[in-house]
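Structure assessment
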Amino acid sequence: MSQFESSDRIYLSPPHMSGNEMKYVTEAFQTNWIAPLGPNVDAFEKEIAEKVGVNDAVAVSSGTAAIHLALSLLGVGKGDKVFCSTLTFVASANPILYQGAEPVFIDSEPDTWNMSPKALQRALQESFAKGNLPKAVIVVNLYGQSAKMDEIVSLCNMYRVPVIEDAAESLGSSYKGIPSGTFGIMGIYSFNGNKIITTSGGGMLVTNNKELAVKARFLAAQARDNAIHYQHSQMGYNYRLSNILAGIGRSQLEVLDKRVLERREVFKRYVKGLHNIDGISFMPELTNSISNRWLTAVLVSEEAGVTSSQVITALAQENIEARPVWKPLHLQPLFKNCKYFRHSETIDVATEFFQRGICLPSGSNLTIEDQDRVINCIKQITNKSLVMGG
Ligand SMILES: *Cc1c(COP(=O)(O)O)cnc(C)c1O
């Protein structure tokens, strides 16, 4: 921050308060509900469940914790396989390792950038033939865009493999009119500081299965048996969400629809500003789905005359935070021995997106002036390369 005022810095996806948060937080203080349970937690769970139309929601300390609980509830353990999208944040797959299970990564397809049904089908066929079907499939909705859930869920149903929907980035999105996060046996949301709404840190497990929700609450609170003394028959976790943070979440949820519209406006302004540049294309939106456009992602191809990393460097020099698209998990040193199924024999979609993709600053509080700075910087570097390249 040495050479810049902090106000000059344009962040990728900073928190955006509604202004109403302190009302709930103050209430928590006044009533002394300073605990990992309380009225805000109960209300936040109820409000999320109503918002996305599920029977139950369990508030937890992070999205990662929610994925971990989901795997634990499905009985995923040592030696089991779990399929997972490759183009995602490491948090989608780390809980597979927590359980001692083995991740198998599935490529993306070009329409949604998400799990390729073709690759999934091959992976399921092959593992069925070998008699070791996965215990679960974790499907990620990247940057707010839903995966092709109809195809994915019906494939998984055919093989009777449960689906966990990692909707950490897609709260407020929908697929064929149905809220994102509600397609699998369980879905998860994240309220990390960079997500579309935040509790500073937190997450939610959603399900229509009452039994799973009850069990999730039990496991998230140290698996305490029903006894006045502290008795435990099973290993549990300390994963419940603080009543103070749940208060922040309740206030944030009130403005979720507004935040979706604002992020979609950010996306539209990028399209308007950049669509004339050869070699820049935008992450698509699947027909019949609405993405919350958590992050605006673009692909840079040769015609742009610059590489994606040159664009990111140019933006960094202007004190603008941009990031490559997630490094696919099958390329991570952590997962170097894991199996990977490509979209097709010859095409590795996720790796290409990683090499060419950029996430642009997309906060719902990004001002038009700041966004123009981003757009002008990209225009400048792509023009310069045209001139220099002749
Ligand atoms: C943010 C994120 C998570 C993890 O959420 P935390 O609340 O940070 O633990 C999981 N999956 C994806 C795709 C994410 O973007």
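Summarised in this report is the structure supplied together with it. (Residues numbered from 1 in each chain as written. Predicted model: local features only at pLDDT ≥ 70, side-chain atom pairs only at ≥ 80, totals over all residues. Heavy atoms only, no water.)

1. Brief notes about the site of the ligand
Condition: We call a residue near a molecule or strand when any one of its heavy atoms sits within 4 Å of it. Residues adjacent in sequence count toward polar contacts only when both atoms are side-chain atoms; beyond that, a polar contact is any pair of N or O atoms within 3.5 Å, and within protein one must be able to donate a hydrogen and the other to accept it. Using a 1.4 Å probe, accessible areas were evaluated by the Shrake-Rupley method; residue-level cover was limited to the displayed protein chains. By the convention adopted, Pro, Cys, Tyr, Trp, Phe, Met, Ile, Leu, Val and Ala count as nonpolar, Lys, Arg, Asp and Glu as charged, and the other residues, Gly among them, as polar.
Not every one of the 15 residues close to the ligand is listed here, only the nearest: Gly63, Thr64, Glu169, Ser190 and Lys195. Between an oxygen atom of the ligand and a main-chain N or O atom of glycine 63, the distance comes to 2.7 Å. Serine 190 is positioned with one of its side-chain polar atoms (N or O) 2.7 Å from an oxygen atom of the ligand. Protein contact buries 94% of the 380 Å² of open area that the ligand shows by itself. Here the shell around the ligand is composed, by residue class, of 4 nonpolar, 8 polar and 3 charged.

2. Observations concerning helix H7 (residues 210–220)
What counts is decided by this rule: The classification of residues rests on relative accessible area computed with a 1.4 Å probe and restricted to protein chains. Under 20% of the type maximum is buried, over 50% is exposed, and intermediate values are partly exposed. Numbered from the N terminus, helices here are DSSP runs of H or I no shorter than four residues, and strands are runs of E no shorter than two. Arc definition: directions from the helix axis to the C-beta atoms. It only takes one pair of heavy atoms within 4.5 Å for two residues to be counted as in contact.
Along H7, the positions that sit buried rather than exposed are Leu212, Ala213, Ala216, Leu219 and Ala220. Seen end-on, H7 carries its buried residues on one side only, within an arc spanning 130 degrees. Opposite its buried face, H7 presents the exposed residues Lys210 and Glu211, each directed more than 90 degrees away. Against the buried residues of H7 lie strand S1 (56–60), helix H3 (63–73), strand S8 (186–190) and strand S9 (203–207). Its side-chain oxygen 3.0 Å from the backbone nitrogen of glutamate 211, asparagine 209 forms the N-cap of H7. Two residues or fewer past H7, glutamine 222 is found with a positive phi of approximately 70 degrees.

3. Brief notes about the environment of aspartate 166
Structurally, the position occupied by aspartate 166 is in strand S5 (residues 163–166). Distance in space between the C-alpha atoms of aspartate 166 and threonine 182 is 9.9 Å, their sequence separation being 16 residues. Not counting residues up to four positions away in its chain, the partners in contact with aspartate 166 are Ile67, Thr88, Ser92, Ile138, Val139, Val140, Asn141 and Ile188. Polar contacts involving the side chain of aspartate 166 include one to the main-chain amide nitrogen of alanine 168, which spans 3.1 Å.

4. Here we look at the packing of aromatic side chains
Where we set the bar: Ring geometry is summarised as follows: Phe, Tyr and Trp rings, the Trp one being its six-membered ring, pair when their centres sit within 6.5 Å, and such pairs are stacked at plane angles under 30 degrees, edge-to-face over 60 and tilted between the two. The rule for a charge over a ring is simple: NZ of Lys or CZ of Arg within 6 Å of the ring centre, and within 35 degrees of the ring normal.
Summed over the entire model, instances satisfying the criterion amount to 10 aromatic pairs. Arranged with centres 5.1 Å apart and planes meeting at 50 degrees, the rings of phenylalanine 44 and phenylalanine 191 form a pair that is tilted. Of this pair, phenylalanine 44 sits in helix H2 (residues 39–52) while phenylalanine 191 sits in the loop between S8 and S9, and the two are 147 residues apart along the sequence. One exposure class covers both phenylalanine 44 and phenylalanine 191, and it is buried. Between tyrosine 143 and tryptophan 326 the ring centres are 6.5 Å apart and the planes differ by 25 degrees, which places this aromatic pair in the stacked class. With tyrosine 143 in the loop between strand S4 (136–140) and helix H6 (149–158) and tryptophan 326 in the loop between strand S13 (323–324) and strand S14 (339–341), this pair connects stretches of sequence that are 183 residues apart. Relative accessible area serves as the criterion here: at 2%, tyrosine 143 is assigned to the buried category. Using a relative accessible area of 23% as the deciding quantity, one classes tryptophan 326 as partly exposed. Among the aromatic residues, ring-to-ring pairing joins Phe89, Tyr143, Trp294 and Trp326 into one connected group. Between the NZ or CZ atom of arginine 293 and the centre of the ring of phenylalanine 267, over which it lies, the distance is 3.5 Å.

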